[in-house]
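# Structural features, examined
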Amino acid sequence: MKRIANIVIASVLIMAVFFVSVGTVAEAKGSGVSLVADEEGRFDSIPTVYDVEATYKNLGDYGTLNHAEDLFVDGEDNLYVVDTGNNRVLKISFDGQVLGEYTEGYGLAFKGPKGVYVHTDGSIWVADTGNFRIVRLDKDGRDMEVYYRPDSALLEESFTFAPEKIYVSITGYIYVLKGMNLMLLDGQNEFRGYVGAVNVPFNLQRFLIRAFGTKSQIERTMKQQPSSYNNFMIASDGMIYGILANEKTGQIRKLNSVGTNTFPEQPYGYDISLDDLNYQISRFSDINVMDNGIITLADQSTGLLYQYNQDGELLAIFGGNGSTKGTYTNPNSVVSDSRGRLYVLDYTTNTITVLAPTRFIQLIHEAVSLYDIGEYAASKDYWQQVLEIDSNYALAHSGYAKVLYKEEKYKEAMDQYYLGNDKEGYSKCFSEYRHQLFREYFGWIVLAVVVLCGGFWFGFTRLKDKTDLLAHKLEMGGRIE
């Protein structure tokens, strides 16, 4: 799927960046490209899904950011920025005003912090990476707790505790991203193990070398490591959502309480080839999950943002590489607030872009959310409104078809699946429609079978009688007329 899309998406991106670059001031609200793709990797332009509402770069008395690493939005829609290069965490209001600056904890200045989490009680947890610790401050910046390397026999002596990202669950457990691992600590700084480790697939060649190879061959065989996590978050549903690095499929992970992935194992994102020498491989840097379950991924390689629903279906692709509004050089963090706005942090340009959802994407989100909670009739109305804006939006046809399927209107659902180019849905619906027709006309079918069988038996009997009569005449020396 990714390979088919290379030339098409590259062309669309180039055209979009060109038009954004030459646009007038009145068109400054653009947000790069807005695309959607079908199951076969064919791309279509769609109405704009997000408008650029604001861009934060110069923060007045607080200067500019310096290779910031992380964003977090609290329950009051305040934005927290981990300004890594300036060794601080900033608290910014929804309108861009700096409300607070945090630079130290427990008498020690922050050193290259990389992550921040704000609890519902207002406490601020900072992954103070360069100082190999986690610091917890109250909302006014006063010291509350500090966590260093856990004292555990399960950790190797060479293990370095350099936390990069941090989240705290409602049960008080601390989840820490360190390298390829998601670590779990309790409130007493006790190590509770690793979470969501990816299974390493069996490799016959490595097995044979380890079983029958010489000592030097075994030593030269590199240890096969599981895929590492690039980033993670704990969503409002209590599930852990992570993104894997260096994977072509199953990059999105949704971990339940026992660490098992429950998200569809399929490819996400698209690689882009501008030419034979310039190939951009999709590499997700961050994941955000809104309260309605909509997932947004930031691709630091292509500058694109992807949105998926909980079934792994692509809702939209937007953004792109560039230096104009709504495009990014290296997006490394994305978060959302209660009003559905997105905040995108660009590591290279040291800017934060605030994206406001358009009516089009709001309708899509409402339709998806209502269907997920069983409000099928209401979701159908929203899908109809989506199609009034863009009659070619395939997912709206499929979403509408799902509702019709629930209502057992299989013929109408087949028509919608056909318009949405959803072969799997169409096939499933056709099977149900065939059974429906059979049940509806079962009595007539039985009657027809009985009539046909009766007619056949009657005809067969008459033919047999006539044949017997003719045979009898022949035996008696008669003549057949």
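In short, a report on the structure. (Residues numbered from 1 in each chain as written. Predicted model: local features only at pLDDT ≥ 70, side-chain atom pairs only at ≥ 80, totals over all residues. Heavy atoms only, no water.)

### Here we look at the nonpolar core
- In this structure, I174, L297 and Y306 are the most contacted members of the largest nonpolar core, which totals 63 residues.
- In contact with Y306, other than residues within four places in its own chain, are G269, Y270, F284, I295, T296, L297, D299, L314, A316 and I317.
- In terms of nonpolar packing, the next biggest core, distinct from the first, is built from 38 residues, V36, L305, A316 and L387 among them. (Core = buried A, V, L, I, M, F, W, Y, C linked by side-chain atoms within 4.5 Å. Buried < 20%, exposed > 50% of the residue type's maximum accessible area, 1.4 Å probe, protein only. Contact = heavy atoms within 4.5 Å.)

### A few points about the pairing of strand β16 (residues 181-185)
- Most of β16 is tucked away, with four of its five residues classed as buried.
- For strand β15 (residues 174-178) and β16, the ladder comprises five bridges, and the chain directions are antiparallel. Across the sheet, the residue bridging to V176 is M183, located in β16. (Helix = DSSP H or I, 4+ residues; strand = E, 2+ residues; numbered from the N terminus. Pairing = 2+ DSSP bridges.)

### What to know about the pairing of strand β27 (residues 331-336)
- By the criterion of burial, β27 is predominantly enclosed, with six of the six residues buried.
- Note that β27 and strand β28 (residues 342-346) share five bridges and pair antiparallel. Each residue of the ladder has a partner; that of V335, found in β28, is Y343.
- Connecting β27 to the next strand, β28, in antiparallel fashion are five residues, including G340 with a positive phi near 85 degrees.

### What to know about helix α4 (residues 359-372)
- Counted at 1.5 Å a residue, the expected span for α4 with its 14 residues is 20 Å, and the 20 Å between its end C-alpha atoms agrees.
- In terms of burial, α4 is a largely internal element, ten of the 14 residues being buried.
- Of the residues making up α4, those classed as buried are F360, I361, L363, I364, H365, A367, V368, S369, L370 and Y371.
- Contact partners of the buried residues in α4: β3 (50-56), β25 (304-308), β26 (314-319), β29 (351-357), α5 (376-389) and α6 (394-406). (Expected span 1.5 Å × (residues − 1).)

### Things to note about the pattern of salt bridges
- The tally for this structure, following the rule as stated, stands at 17 salt bridges.
- When the shortest N-O distance is used, the salt bridge between D121 and R136 registers 2.9 Å. With D121 in the loop between β10 (115-118) and β11 (124-128) and R136 in strand β12 (residues 133-137), the pair connects residues that are 15 residues apart, well separated along the chain.
- Where salt bridges share partners, they join E53, D337 and R341 into one cluster. (Salt bridge = Lys/Arg side-chain N within 4 Å of Asp/Glu carboxyl O.)

### Thoughts on empty space enclosed by the protein
- Counted according to the given criterion, the structure contains one cavity of 30 Å³ or more.
- Lining the largest cavity, in full, are N309, Q310, D311, E313, V368, Y371, D372, W383, L395, G399 and K402.
- Broken down by secondary-structure element, the contributors of at least two residues to the lining of the largest cavity are α4 and α6.
- In terms of residue class, the lining of the largest cavity is built from four nonpolar, three polar and four charged. (1 Å grid on protein atoms, 1.4 Å probe; cavity = no way out; pocket = protein on both sides within 12 Å on 5 of 7 lines; lining within 4 Å. Points joined across faces, edges and corners; volume = space filled by probe spheres on them. Nonpolar A, V, L, I, M, F, W, Y, C, P; charged D, E, K, R; others polar.)

None of this, on its own, says anything about what the molecule does.
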